[in-house]
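Take a look at the letters that make up each chain.
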Amino acid sequence: MRAATSPSLIQLDLAVEGMTCASCVKRVERVLSAVPGVQSASVNLATERAQVSYDPDSAAPDAMVAAVGRAGYAAQVIVAQDGHAERQAQARDADARRLGVALAVAVALTLPVFVIEMGGHLVPAWHHWMHATLGRQNSWLLQFVLTTAVLAWPGRHFFTLGLSALWRRAPEMNSLVALGAGAAWGYSTVATFAPQWLPEGARAVYFEAAAVIVTLILLGRMLEARAKGRTGAAIRRLAALQPRSARVLRAGQPVDVPVDEVRVGDQVLVRPGEQIPLDGEIAEGRSYIDESMLTGEPVPVEKTTGDTATGGTLNTSGSFTLRVTHTGADTQLARIIRMVEDAQGARLPVQALVDRITGWFVPAVMAAALLTFAVWLVWGPEPALASALVHAVAVLIIACPCAMGLATPTSIMVGTGRAADLGVLFRHGDALQTLRGVDVVAFDKTGTLTLGKPALAALRLAPDAPVASEDELLRLLASVQARSEHPIAQAVVAAARERRVELLATEDFIAESGAGVRGRVQGRSIATGAARLMAAQQVDVSVFGQQAAEWGRKGWTPVYVAIDGRAAAMLAVADPIKPTAKQAIAALHAQELRTAMITGDNRETAQAVARELGIDDVHAEVLPQDKVRAVQALGQDGRRVAFVGDGINDAPALAAADVGVAIGTGTDVAIEAASVVLMAGDPNGVPTAIAISRATLANIRQNLFWAFAYNAALIPLAAGALYPAYGVALSPMLAAGAMALSSVFVVGNALRLKAFRPAAA
């Protein structure tokens, strides 16, 4: 349970059992939305979850669980980190095993019925032998016993759920199966025990149709359950990264404790080859940690005292003590799992079409079956009653909307899971559809296209600088910059430390957003930053004009320093471009997308970086508050814009873009403002995210086409529309097989996304 988008609303996740088709989804959504205080409800058939936004002052989780129960389904509140994913996987495995047993029993009972009845139609000699030895009436009695056993044992699930749904006037897939198989069995039973109730020419049995329908649909259910079990593999892999126990130091001695009992501040001993149990800070020791599960980078990262370590990553060498900073649902791994679950449970805009259709689909199918029965009864050839029954049953069976309900959510589930494997997390599910249609990808520069670890490349004192030496300048400058967290400030402080320059106390420190910093050191006024800060302070820096242009052409960022209102020096700070940035831009161009860079850096530096990378548009010297306007300018003429950034000052632009993409190594503020998170700092994640978005939406379109085209084509065939002209009709058995295969096809097609490979890689 967690806060929803509105401060007054809470979002609740429910695990829902018993749903089998799109009509079930619609039914559960309807009963949840009817609970007083519920603002919205979204149900996902593939994940078997419901996401409900409600007002806690007006509604309670118990009321929602009860409402779902009254609708004929079972619901349970999902609590973060309660092992739901693992339990769901176990339940699906158990369901697949149960269906396997039911299918084996159904096949054993159905095969004799099929051979007895259909063997005679296929092999005349078999018909004559059966008639001479067993007799027609005994044959029908044996088929009755075996078929009744099929319907009463392996097939009883369809009747208990389907008939209760009919009683509630909410028919769904099980109702169609129950009506179809039940009608075939009922008609055959009458023909067997009370033939006088039927016309002479209509005395025939269809026990094999009822038995085969149930058997084939059980086969489809079992294959579907096995396939759906594979769709949640990504979350299970993530959940498996969380160790079960931690070696906590108690009175200086290591004690194995379940991770659920570890508290913030506990000291945990981590030995070589072990997974780090929880997020924390290294209190003592050093090691190399494999963070590939987060960043995708295969090379272990060196960590020493004071560095942070993430739960689930692997300690490759060395031993250290970890001071725990986050536990339970607050760990980074838990947040990643939550983001993947939210994305997998998302309802894309394309789903609205399915919702509109499935709302009336099952009642329409039942009406079509009744109409088919009536038409064949009035105008069909003799025996009209038998023909009417066969075609009505075929319509009921062929039209089960399983494939419709699975078409979108299975693709989303597999696509977002594969994206997580590749280090791309869709925080908001609708971004999966929106990202596919972007026209422009705009990047922040520092920390996104560059390493974000600038270094001092050059320093030039003014001809009449009010300092005696470079060391004196660095002492004053670094003393002020030490109060700032900006990467350029850190580069200056690092350079001062390398020269072993002692820093001084700073007073009246002020950070000028997007321009620089000011402060007083030993009574002297220090201002340092971009040219616009110098202009605001009325400091003339024209003496550095030629040198600034030259550094800009190299891609270096000039930083000006003024002391007591006079130009004192200019520094060049170089931030190396990320090795994969050029490849990422080329991949975006290959995807026929336009690229842009929005940065607060000076124009010469920005143009130099853009030239090296091949970026199309450059917006330089942009203040943080103006980045939103730059994004809006790129979105003119209906173009959709994705913005990629990593810093606090990127948050407004990330929120303003059609899709915000945050670098996962950036700030929490940027990540919260974005719809998509790239866990590694690799720009190649951007074309990968777009590619998998396109692949997933293409997969959804394929599934929807199959589901709708299948019903549109086969319902008329089942109704006998081609029979008068061509003598072609669809038997109930073939209808059951086709219906079962349609669901398996949709899930199997979605599973192809597991093989997705990013072109940029």
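These figures come from a predicted structure and were not determined experimentally.

Colleague: So, the overall build of the protein chain: which residues are in play, and what are the values?
Modeller: Looking only at helices and strands, one finds 27 helices and 27 strands in the protein chain. The burial tally for the protein chain puts 54% of its 761 residues in the buried class. Long-range pairs, those at least 24 residues apart, make up 69% of the contacts in the protein chain between residues at least 6 apart in sequence.

Colleague: Tell me about a nonpolar patch on the surface, residues and numbers included.
Modeller: Taken together, the side chains of Leu 371, Val 375, Leu 377, Val 378 and Trp 379 define a hydrophobic patch exposed on the protein surface, amounting to about 550 Å² of accessible area. Secondary-structure assignment places Leu 371 in helix 12 (residues 351-379).

Colleague: Run through the pattern of salt bridges, naming residues and quoting values.
Modeller: Pairing between side chains of opposite charge can happen when the charged atoms of each approach one another. Inspection of the entire model under this criterion finds 19 salt bridges. The salt bridge involving Glu 302 is made with Arg 286; its shortest N-O contact spans 2.4 Å. Of the two residues, Glu 302 sits in strand 11 (residues 301-303) while Arg 286 sits in the loop between strand 9 (279-285) and strand 10 (287-290), which places them 16 residues apart along the sequence. Classification of Glu 302 as partly exposed rests on a relative accessible area of 39%. Classification of Arg 286 by relative accessible area gives partly exposed; the value is 49%. Arg 629 is paired through a salt bridge with Asp 626; the nearest N and O atoms lie 2.0 Å apart. Since its relative accessible area comes to 53%, Arg 629 is described here as exposed. One salt-bridge network, in which partners are shared between bridges, spans Arg 247, Asp 256, Arg 271 and Glu 274.

Colleague: Hey, could you go over helix 13 (residues 384-398) for me, with residue numbers and the actual values?
Modeller: Over its 15 residues, helix 13 runs 21 Å from end to end, which matches the ideal 21 Å to within 8%, given 1.5 Å per residue. The buried fraction of helix 13 is high, at 14 of 15 residues.

Colleague: Could you give an account of the UniProt feature "transmembrane region" (unreviewed entry) in the protein chain, with specific residues and numbers?
Modeller: The residues that UniProt annotates with the feature "transmembrane region" (unreviewed entry) are residues 99-120, 140-164, 176-198, 204-223, 357-379, 385-408, 704-723 and 729-751. As annotated, residues 140-164 has a helix share of 88% and a strand share of 0%, and its two end C-alpha atoms lie 30 Å apart. Between the end C-alpha atoms of residues 704-723 the distance is 28 Å, and the span holds 85% helix and 0% strand.

Colleague: Provide a residue-level description of the pairing of strand 26 (residues 659-663), including the pertinent values.
Modeller: With five of five residues buried, strand 26 lies mostly within the body of the structure. Side chains Val 659, Val 661 and Ile 663 project from strand 26 onto one buried face, and the interleaved Gly 660 and Ala 662 project onto a second face that is buried too. Where strand 25 (residues 641-645) meets strand 26, four bridges bridge the pair, whose relative direction is parallel. Note that in strand 26 the partner of Gly 645 across the bridge is Ala 662.

Colleague: Describe the environment of Tyr 723, with residues and values.
Modeller: Position of Tyr 723 among the secondary structure elements: in helix 26 (residues 723-726). We classify Tyr 723 as partly exposed; its relative accessible area is 34%. Along the backbone, Tyr 723 and Gly 380 are 343 residues apart, and their C-alpha atoms lie at a distance of 10.0 Å. Among all residues touching Tyr 723, those that are not within four sequence positions of it are Trp 376, Pro 381, Val 728 and Ala 729.

Colleague: Explain unusual backbone geometry residue by residue, including any values.
Modeller: Positive phi is not limited to glycine here, since Asp 508 has a value of about 55°. Its place among the elements puts Asp 508 in strand 18 (residues 507-512). For Asp 637, which is not a glycine, the phi torsion comes out positive at approximately 65°. Looking at where Asp 637 falls in the secondary structure, it is placed in the loop between helix 22 (627-634) and strand 25. Classification of Asp 637 as exposed rests on a relative accessible area of 76%.

Colleague: Help me get a handle on the sheet that holds strand 24 (residues 617-619), residues and values and all.
Modeller: Read from one edge to the other, the open sheet built from seven strands follows the order 15-27-26-25-16-23-24, with strand pairing classed as mixed. Both outer strands of the open sheet, strand 15 (424-426) and strand 24, are each paired with one neighbouring strand and no more. Averaged over all adjacent pairs, the angle separating strand axes in this sheet is 20°, with direction ignored. Sheet topology note: the strand 16 (residues 440-443)/strand 23 (residues 594-598) ladder contains four bridges and is parallel. Bridging from a neighbouring strand, Val 440 pairs with Arg 594 of strand 23. Relative to strand 23, helix 22 is tilted by about 165°, and along the sheet it contacts strand 16, strand 23, strand 24 and strand 25.

Colleague: Could you give an account of the sheet that holds strand 17 (residues 455-461), with specific residues and numbers?
Modeller: Strand order in the open sheet formed by six strands is 17-22-21-20-19-18, with antiparallel pairing between adjacent strands. Each of the sheet's edge strands pairs with one partner strand only, and the pair in question is strand 17 and strand 18. With strand direction ignored, the average angle separating the axes of adjacent strands in the sheet is 20°.

Colleague: Give me the confidence of the model for the protein chain: which residues, what numbers.
Modeller: Here the protein chain averages 82 in pLDDT, while 86% of its residues score no lower than 70. The lowest-confidence element of the protein chain is strand 1 (residues 2-3), averaging 50 in pLDDT; the highest-confidence one is strand 16, averaging 95.

Colleague: An account of the packing of helix 13 against helix 25 (residues 685-719) is requested, with residue identities and associated values reported.
Modeller: It is the contact of helix 13 with helix 25, at a shortest axis distance of 8 Å, that shows an interaxial angle of 165°. With respect to each other, helix 13 and helix 25 are oriented roughly antiparallel. Considering only the axes of helix 13 and helix 25, their crossing is right-handed. Side by side, helix 13 and helix 25 meet where His 391, Ala 394, Val 395 and Ile 398 of the first sit next to Tyr 710, Asn 711, Leu 714, Ile 715, Ala 718 and Ala 719 of the second.

Colleague: Can you explain the packing of aromatic side chains? Please cite residues and give values.
Modeller: Under the criterion given, the structure shown has seven aromatic pairs. With a centroid separation of 6.3 Å and an interplanar angle of 45°, the aromatic rings of Phe 544 and Tyr 560 are classed as tilted. On the criterion of sequence distance, the pair formed by Phe 544 in the loop between helix 18 (531-536) and helix 19 (545-553) and Tyr 560 in strand 21 (residues 557-563) is long-range, its members being 16 residues apart. Relative accessible area serves as the criterion here: at 0%, Phe 544 is assigned to the buried category. Aromatic rings pair up to connect Phe 144, Trp 185, Phe 193 and Phe 207 into one cluster.

Colleague: Please provide a residue-by-residue account of the pairing of strand 7 (residues 253-258), values included.
Modeller: Note: strand 6 (residues 245-250) against strand 7, six bridges, orientation antiparallel. When the sheet's bridge partners are listed, Arg 250 is paired in strand 7 with Gln 253. Between the antiparallel neighbours strand 6 and strand 7 lie two residues, among them Ala 251 with a positive phi of about 55°.

Colleague: Describe the nonpolar core, and please don't skip the residues or the numbers.
Modeller: Membership of the largest hydrophobic core comes to 131 residues, with the highest contact counts inside it found for Met 19, Leu 32, Met 64 and Phe 426. If we skip the residues at most four places from it in the chain, Met 19 touches Cys 24, Val 25, Val 28, Val 43, Asn 44, Leu 45, Glu 48 and Tyr 73. Ala 491, Val 517, Met 534 and Ala 567 belong to the second largest nonpolar core, which has 40 residues in total.

Colleague: Could you give an account of the side chain of Thr 450, naming the residues involved and the relevant values?
Modeller: Summarising the element assignment, Thr 450 is placed in the loop between strand 16 and strand 17. Within polar-contact distance, the side chain of Thr 450 engages the backbone nitrogen of Gly 447 at 3.1 Å. In this structure the side chain of Thr 450 is engaged in a polar contact, spanning 2.4 Å, whose partner is the side chain of Asp 575.

Colleague: Tell me about helix 2 (residues 61-70), and please be specific about residues and values.
Modeller: Those residues of helix 2 that fall on the buried side of the exposure criterion are Pro 61, Met 64, Ala 67 and Val 68. For helix 2, the angular spread of the buried residues around the axis is 120°, confining them to a single face. Away from its buried face by more than 90 degrees, helix 2 exposes Asp 62 and Arg 70. One or two steps after helix 2, the chain reaches Gly 72, where phi turns positive at roughly 100°.

Reading guide: rules and limits
- Every chain begins its residue count from 1, and numbering advances along the sequence as written.
- With pLDDT at 70 or above as the cut-off, local features in this predicted model cover only qualifying residues; side-chain atom pairs require 80 or more to be listed or tallied, and sums for whole chains, interfaces and linings still use all residues.
- Side-chain descriptors were evaluated using all non-hydrogen atoms of the structure, hydrogens and water having been removed beforehand.
- Each helix is a run of H or I in the DSSP string that is no shorter than four residues. Each strand is a run of E no shorter than two, and both are numbered from the N terminus.
- Note on classification: 1.4 Å probe, protein chains only; a residue is buried when its accessible area is under 20% of the maximum for its type, exposed when over 50%, partly exposed between these limits.
- In this analysis, two residues are considered to be in contact whenever any of their non-hydrogen atoms come within 4.5 Å of each other.
- The residues that make up patches have over 30% relative accessible area and no salt bridge, and they are joined within 9 Å when like-charged or within 5 Å when they are Val, Leu, Ile, Met, Phe, Trp or Tyr.
- Residue-level accessible areas treat just the shown protein chains as cover; the underlying method is Shrake-Rupley with a 1.4 Å probe.
- Here, a salt bridge means any side-chain nitrogen of Lys or Arg that lies within 4 Å of a carboxyl oxygen of Asp or Glu.
- Multiplying 1.5 Å by the helix residue count minus one yields the expected span of that helix.
- UniProt positions are given in the numbering used here, feature names are shortened, and annotations may be inferred rather than shown by experiment.
- DSSP calls a pair of strands paired once it identifies at least 2 bridges connecting them.
- Axis definition: a line fitted to C-alpha atoms, over the contacting stretch in the case of helices. Angles run 0 to 180 degrees between N-to-C directions.
- What pLDDT reports is the predictor's confidence in each residue, on a scale of 0 through 100.
- For classification purposes, an angle smaller than 35 degrees is called roughly parallel, one larger than 145 roughly antiparallel, one from 65 to 115 roughly perpendicular, and anything else oblique.
- A clockwise turn of the near helix away from the far one marks a right-handed crossing, whereas an anticlockwise turn of less than a right angle marks a left-handed crossing.
- Stacked, tilted and edge-to-face pairs are distinguished by plane angle, under 30 degrees for stacked and over 60 for edge-to-face with tilted covering the rest, among Phe, Tyr and Trp rings (Trp via its six-membered ring) whose centres lie within 6.5 Å.
- Buried Ala, Val, Leu, Ile, Met, Phe, Trp, Tyr and Cys residues form a nonpolar core when they are joined through side-chain atoms within 4.5 Å.
- Whenever a nitrogen or oxygen atom comes within 3.5 Å of another N or O atom, the pair is scored as a polar contact, on the condition that within protein one atom can donate a hydrogen and the other can accept it, and that pairs from neighbouring residues in sequence are kept only if both atoms are in side chains.
- The directions considered for the arc are those from the helix axis to the C-beta atoms.

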